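Examination of the molecular architecture
Here is how the chains run, residue by residue.
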There are 2 protein chains.
Amino acid sequence: MDKIFRVNMTDLTCKVEQVPAEYKTLGGRALTSTIVASEVPPMCHPLGPNNKLVFAPGQLSGTPAANSGRMSAGAKSPLTGTIKESNSGGTSAQQFAKMGIKAMIIEGMPKDDKWYRLHVTMDGVTFEDASELVGKQNFDVIDAMNAKYDEKIGVMTIGIPGENRLAAANISVKDPDQKIRSHGRGGLGAVMGSKKIKCITTDATGAGKVEIVDAEKFRAAAKVFAKGMLDHPVTGEGLPIYGTNVLINILNEAGGLPTKNFKYGQCDHHDKVSGETMHDTIAARGGKTKHGCHAGCIIQCSQEYVDEAGVYITSGFEYETVWGLGINCMIENLDDCARIDNAMDNIGIDSIEGAVLIAVAMEAGVIPWGDGKETLRVMNEEIGKCTPIGRILGNGTGSVGTAFGLTRVPVVKNQGIPAYDPRSVKGIGITYATSTQGADHTAGYTIATNILKVGGFIDPLTKEGQVDLSRNLQIATTAVDSTGMCIFVAFPALDIPEVLPALVDMISARFGVEMSVDDFVGMGSKILKMEKAFNTAAGFSNEDDRLPEFFELEPVAPHNAVWDFTPAEIDEVWNF
Amino acid sequence: MDKIFRVNMTDLTCKVEQVPAEYKTLGGRALTSTIVASEVPPMCHPLGPNNKLVFAPGQLSGTPAANSGRMSAGAKSPLTGTIKESNSGGTSAQQFAKMGIKAMIIEGMPKDDKWYRLHVTMDGVTFEDASELVGKQNFDVIDAMNAKYDEKIGVMTIGIPGENRLAAANISVKDPDQKIRSHGRGGLGAVMGSKKIKCITTDATGAGKVEIVDAEKFRAAAKVFAKGMLDHPVTGEGLPIYGTNVLINILNEAGGLPTKNFKYGQCDHHDKVSGETMHDTIAARGGKTKHGCHAGCIIQCSQEYVDEAGVYITSGFEYETVWGLGINCMIENLDDCARIDNAMDNIGIDSIEGAVLIAVAMEAGVIPWGDGKETLRVMNEEIGKCTPIGRILGNGTGSVGTAFGLTRVPVVKNQGIPAYDPRSVKGIGITYATSTQGADHTAGYTIATNILKVGGFIDPLTKEGQVDLSRNLQIATTAVDSTGMCIFVAFPALDIPEVLPALVDMISARFGVEMSVDDFVGMGSKILKMEKAFNTAAGFSNEDDRLPEFFELEPVAPHNAVWDFTPAEIDEVWNF
């Protein structure tokens with residue numbers, strides 16, 4: 001029987017609650033957002049006692065379904081002030097699901113200054129003294145927990161920036177290889193730090209399999225689903241070979257690769273950090289070109305990047321991070337970028353926000369353009385140790401812009417804009433502007449249709465069709481974020497007719513209900529509106545659904561494109 | 001003939017324009033807000049090329065009317081993101097008025113990195129090289145300009161924080177004694193810095209008297225008005241003797257004196273920094289207990305505070321600053337407070353924001369509680385030189401709270417809450433919450449009626465009547481802020497029936513119109529709504545009209561009062 005763990009940090013108790021009937025078929029984002037929307041006062045301070053941090057494995061997490069190993073974390077975001085869902089791979093999602101933990105809701109704050117570790121077992125949560133872990137960065141925390149228990153222990157942890165409640169701090173999750181995946185965006189590490197939780201360990205001893213009501217139906221659907229994943233050129237071929245970084249050359253070709261803090265749309269040195277170069281480098285050095293962020297992943301878009309001696313540098317080295325460092329910060333040396341990526345994992349900073357904010361710091365003159373060594377030092381010694389300049393940077397892109405009085409600050413709702421220029425890939429601009437999460441490419445990944453020609457094609461340079469595209473993808477993504485599936489299932493789902501019904505059938509079989517594709521999309525629509533309503537109650541208005549002014553004022557080469565949607569056109573996203 | 005100077009910093013031109021008919025009877029806040037609302041896109045970046053900085057002397061500035069020497073500055077605020085009007089004494093207002101400059105509108109930004117000084121004469125504005133002034137603080141700029149011209153030259157200047165576009169930077173204005181008054185609140189110094197204007201000098205050679213259409217009517221009304229000012233106990237007695245700092249003991253008695261970053265409502269050492277102590281100290285040391293911020297002031301609430309040797313330390317040492325440093329930061333040594341006040345004048349930081357943010361920095365552990373010497377060092381060496389920690393602090397109270405992940409951050413719309421606890425003086429809480437300017441006691445000074453029993457009495461601890469009181473005062477203040485009068489004319493205006501009609505008669509006589517008291521109040525109402533509409537178009541919603549959560553969660557001694565207005569009750573302010 002699934003249950004909810006309600007952890008109260010004020011009186012250090014854990015109540016094990018029955019799952020309310022209305023939560024029965026929910027999971028992931030649908031569940032975290034529903035709980036946050038119903039239990040967190042929208043106007044509360046994100047770092048105060050009234051915010052709650054909610055973890056929920058997806059609807060299919062822990063099942064044998066391919067690519068289903070993701071966990072959602074939700075709260076009111078200290079970075080954006082909006083509702084926030086951030087999902088991550090790693091081992092904790094499947095452990096939670098197999099232990100029957102539908103959600104863990106963490107509320108309140110300790111009355112004293114003590115730090116805690118939550119230890120999660122089948123029986124509930126215990127509150128362990130974390131004083132010896134405080135002041136450690138993430139890899140040391142994982143080592144300490146592996147040493148205390150064994151390598152099977154699940155770990156979700158924050159680094160020193162999270163302890164210091166910096167708004168770019170993430171929650172790092174141990175992956176199957178003792179490395180790190182992240183609940184990256186929106187500063188949820190700061191929320192965990194505000195509740196004085198240094199880390200959450202999961203001991204799944206005694207956990208069985210995830211209960212599936214109709215095993216037969218599940219097996220049949222899972223097979224169709226997995227075949228679709230393998231058949232599609234993006235998930236079956238592009239991502240497995242080159243990882244997400246396959247996009248560098250593609251975006252450069254399209255003129256949508258933001259370069260030097262969004263000054264240009266193409267970059268001369270794109271080849272030096274492209275997915276092709278990265279693949280060949282890893283292969284030549286004897287690293288791993290394929291790697292999954294959780295057990296059961298059949299895409300394996302991650303990798304293990306190694307140095308010339310074959311020694312591990314980093315994994316989960318994604319396109320957005322490589323773009324942010326290699327192109328937007330002009331750091332041409334891929335090894336430097338990899339070391340910075342690893343540093344961000346270690347100190348617990350969102351690697352998208354971290355890369356975007358460094359480019360703004362470079363524009364401010366804090367770090368020379370392209371200086372990877374200095375960026376690495378700043379990560380470890382300034383942000384990692386929360387010095388004054390480290391606090392300015394560790395609070396995100398908007399914080400850097402404010403501190404230095406800059407106007408070219410690529411944020412929406414104070415969250416850094418990732419890897420795709422909204423002027424020359426206009427669909428993603430609509431997603432950035434309107435997402436309930438602040439600027440977030442995953443919230444409605446129009447790159448699929450604008451650039452990769454998945455689900456049809458809409459010219460990225462024209463306004464036509466972009467609002468409908470973004471709306472549809474935002475709704476669908478909200479649903480997919482609830483399944484525990486990685487976002488890339490959207491590629492086959494958009495192109496291969498059997499895939500989405502198979503996904504929905506697995507959910508139906510899991511819970512013993514009859515869910516249609518319409519029901520599934522309807523859930524996405526309902527949750528997205530719920531998130532929007534939370535934000536409205538938190539003080540957000542349509543005027544917050546806008547890109548920064550400089551995208552309207554500065555045409556970007558090579559297309560000389562500007563951001564030219566009217567407010568009324570943008571607001572049409574909410575017409576559903 | 002009055003005219004408008006339109007200064008374009010992009011092409012370095014000044015157009016002298018006729019005053020549009022609809023601006024004829026406007027001045028001060030009514031004029032700056034009207035121009036900002038009609039010319040500045042509400043969604044523009046406050047530090048970008050589309051913001052405008054507008055100076056306008058009041059309707060009566062430069063006339064012989066008592067206490068009429070104030071200038072309004074307006075723009076979109078980089079601190080609050082709202083429309084902003086900040087008015088100041090000093091010599092520039094009367095010079096502008098006598099030169100017939102109804103308003104100076106500064107727009108655009110230089111294309112290069114050069115710094116300019118605007119030199120204002122009867123003929124227009126010239127653009128002087130300011131490279132030798134850059135990097136100087138305010139008193140050095142004034143000295144340099146006095147040396148270049150003579151002591152009659154008008155000077156409005158920004159310090160190094162303004163050059164660096166920090167959001168607590170003010171615009172400093174030379175007063176009749178070569179000291180400084182300030183357009184303090186809302187970071188207008190950063191707007192001036194963004195336009196690369198280091199200072200504005202005014203040479204009023206050739207200026208005559210301000211044109212008054214009906215001199216006879218004006219003289220008669222001015223006499224009645226001045227008599228009212230002298231007859232009222234607050235403006236005729238309390239303020240002239242003790243200055244605004246008379247309020248320390250009064251607010252302490254009322255339990256509304258925010259102490260140690262709003263932790264308590266009373267302070268044991270209040271006597272050490274009270275107005276009475278300050279008066280006696282100045283008198284014993286041979287300083288000046290009375291001093292006007294502009295020629296023609298008959299209240300003389302300012303002073304010249306001197307050290308034990310009789311050497312000048314500071315002037316314009318207001319209650320809010322003494323409170324902020326002496327009580328809220330627990331700096332018991334009044335000489336230390338005076339030196340910090342002078343440092344804020346010199347570096348060009350709003351002395352209210354500056355004091356409120358230091359208390360938050362003390363809560364963060366950056367400065368020990370009560371350490372005046374270290375606070376002085378931080379002002380001069382960190383904020384004054386824009387070091388990393390100086391940037392965190394110099395960007396205001398909200399910036400400090402964000403950098404250190406704090407929840408007890410007294411701001412509304414990111415502007416620091418001044419000197420009166422909104423839990424125990426509830427009327428002022430309504431003003432803080434709803435003012436179009438962010439937290440601002442002068443925007444609707446309910447202390448008059450809640451504490452000083454001017455204009456009747458409304459118990460500060462009950463909710464009843466506070467919304468009506470704040471609304472009425474906000475409307476009236478918007479009108480008074482347009483006259484060029486200092487805000488203290490409100491005291492006699494509230495209690496002595498002849499004073500307000502006399503004020504309005506002076507305006508009628510000045511412009512040759514028939515303005516009634518209803519017309520005058522109607523102007524206030526219209527401008528306030530215009531400001532609110534600007535803010536709404538800039539993305540503000542009712543939910544931005546709220547106090548920080550900690551005022552609801554923490555009762556304040558001695559009354560154990562909490563902030564207990566419902567959202568709907570607060571929003572009633574806008575019901576007019």
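Predicted model only: the values in this text are computed from it and were never measured. (Residues numbered from 1 in each chain as written. Chains lettered and ligands numbered in written order. Predicted model: local features only at pLDDT ≥ 70, side-chain atom pairs only at ≥ 80, totals over all residues.)

The next subject is the relation of the copies chain A and chain B. Least-squares fitting of chain A to chain B yields an RMSD of 0.0 Å, with the superposition described by an axial translation of 0.0 Å and a rotation of 180°. Here the transformation between the copies is reduced to the relation of a two-fold axis. Within chain A, the C-alpha atom positioned nearest to the axis of rotation is that of P388(A), 2.8 Å from it. Counting the interface residues of chain A, we find that 100% of their copies in chain B are interface residues as well, pointing to one common contact surface. (Least-squares fit on C-alpha atoms with pLDDT ≥ 70 in both. Contact = placed C-beta atoms within 7 Å.)

The next thing to look at is the domain arrangement of chain A. All names here are of chain A. Each assigned domain of chain A is listed with its residue range as follows: domain 1 (3–202), domain 2 (214–242 + 422–576) and domain 3 (245–420). For domain 1 versus domain 2, the distance between C-alpha centres works out to 25 Å. Across the contact, 37 residues belong to domain 1 and 31 residues belong to domain 2. Taken together, the elements giving at least two residues each to the side of domain 1 that touches domain 2 come down to α1 (28–39) and β5 (83–88). Top element by residues in the side of domain 1 that touches domain 2 is α1. It accounts for 7 residues. Here the residues of the side of domain 1 that touches domain 2 sort into 13 nonpolar, 18 polar and 6 charged. (Domains from an automatic or database assignment. Helix = DSSP H or I, 4+ residues; strand = E, 2+ residues; numbered from the N terminus. Nonpolar A, V, L, I, M, F, W, Y, C, P; charged D, E, K, R; others polar.)

Attention now goes to the interface of chain A and chain B. Across the boundary between the two partners, chain A contributes 28 residues, which contact 28 residues of chain B. Looking at the side of chain A that touches chain B, the elements with two or more residues in it are α5 (188–194), α14 (388–394) and α15 (397–403) of chain A. Counting residues per element, the side of chain A that touches chain B draws most heavily on α14(A), at 4 residues. When grouped by side-chain class, the residues that make up the side of chain A that touches chain B number 11 nonpolar, 11 polar and 6 charged.

A word on the packing of helix α10 (residues 319–328) of chain B against helix α12 (residues 351–363) of chain B. Residues and elements named next belong to chain B. Where α10 contacts α12, the two axes come as close as 8 Å, and the packing angle between them is 10°. Taken together, α10 and α12 sit at an angle that is classed as roughly parallel. Of the two elements, α10 crosses α12, and the hand of that crossing is left-handed. On α12, the residues touching E320, T321, G324, L325 and N328 of α10 are S351, I352, A355, V356 and A359. Among the residues making up the contact of α10 with α12, the classes are represented as 5 nonpolar, 4 polar and 1 charged. (Axes fitted to C-alpha atoms, helices over the stretch in contact; angles between N-to-C directions. Parallel < 35°, antiparallel > 145°, perpendicular 65-115°, else oblique. Left-handed = near helix turned anticlockwise from the far one by under 90°.)

This brings us to the pairing of strand β10 (residues 171–174) of chain A. Residues and elements named next belong to chain A. Because side chains alternate across β10, one face comprises the buried residues I171 and V173, and the other comprises S172 and K174, equally buried. Direction of pairing for strand β9 (residues 154–157) relative to β10: antiparallel, over a ladder of 2 bridges. Residue pairing for β10: T157 is matched across the bridge by S172. Relative to strand β11 (residues 180–183), β10 runs antiparallel, the two sharing 4 bridges. If you follow V173 over to β11, its bridge partner there is R181. Between β10 and β11, which pair antiparallel in sequence order, lie 5 residues; one of them, Q178, sits at a positive phi of approximately 70°. (Buried ≥ 20, exposed ≤ 12 C-beta atoms within 10 Å, placed from the backbone. Pairing = 2+ DSSP bridges.)

Below, the discussion takes up the nonpolar core. Of all hydrophobic cores here, the largest spans 363 residues; its most connected members are M506(A) and M506(B). Once residues lying within four places of it in the same chain are set aside, the contact partners of M506(A) are L60(A), A65(A), F218(A), A221(A), A222(A) and F225(A). (Core = buried A, V, L, I, M, F, W, Y, C linked by C-beta atoms within 7 Å.)

This part takes up the sheet that holds strand β15 (residues 312–315) of chain B. Residues and elements named next belong to chain B. The strand order across the open sheet built from 3 strands is β13-β14-β15, with neighbouring strands paired in antiparallel fashion. Two strands bound the open sheet, and with one partner strand each, they are β13 (288–291) and β15. For this sheet the average axis-to-axis angle between neighbouring strands, irrespective of direction, equals 25°. As judged from the 2 bridges shared by β13 and strand β14 (residues 302–306), these two strands associate in the antiparallel manner. When the bridges of β14 are listed, H291 appears paired with S302.

Residues and elements named next belong to chain B. Taken across its 10 residues, α10 has 10 buried, putting it largely inside the fold. Taken together, the buried residues of α10 touch α8 (247–254), α11 (334–347) and α12. Remark: M330 follows α10 within two positions and exhibits a positive phi of approximately 65°.

As a further point, take the sheet that holds strand β12 (residues 197–202) of chain A. All names here are of chain A. In spatial order, the strands read β8-β7-β12-β9-β10-β11; together these 6 strands make up an open sheet with mixed pairing. Two strands bound the open sheet, and with one partner strand each, they are β8 (124–129) and β11. On average, adjacent strands in this sheet sit at an angle of 25° to one another, irrespective of strand direction. Helix α3 (residues 138–148) contacts β9, β10, β11 and β12 of the sheet and is inclined by roughly 150° relative to β9.

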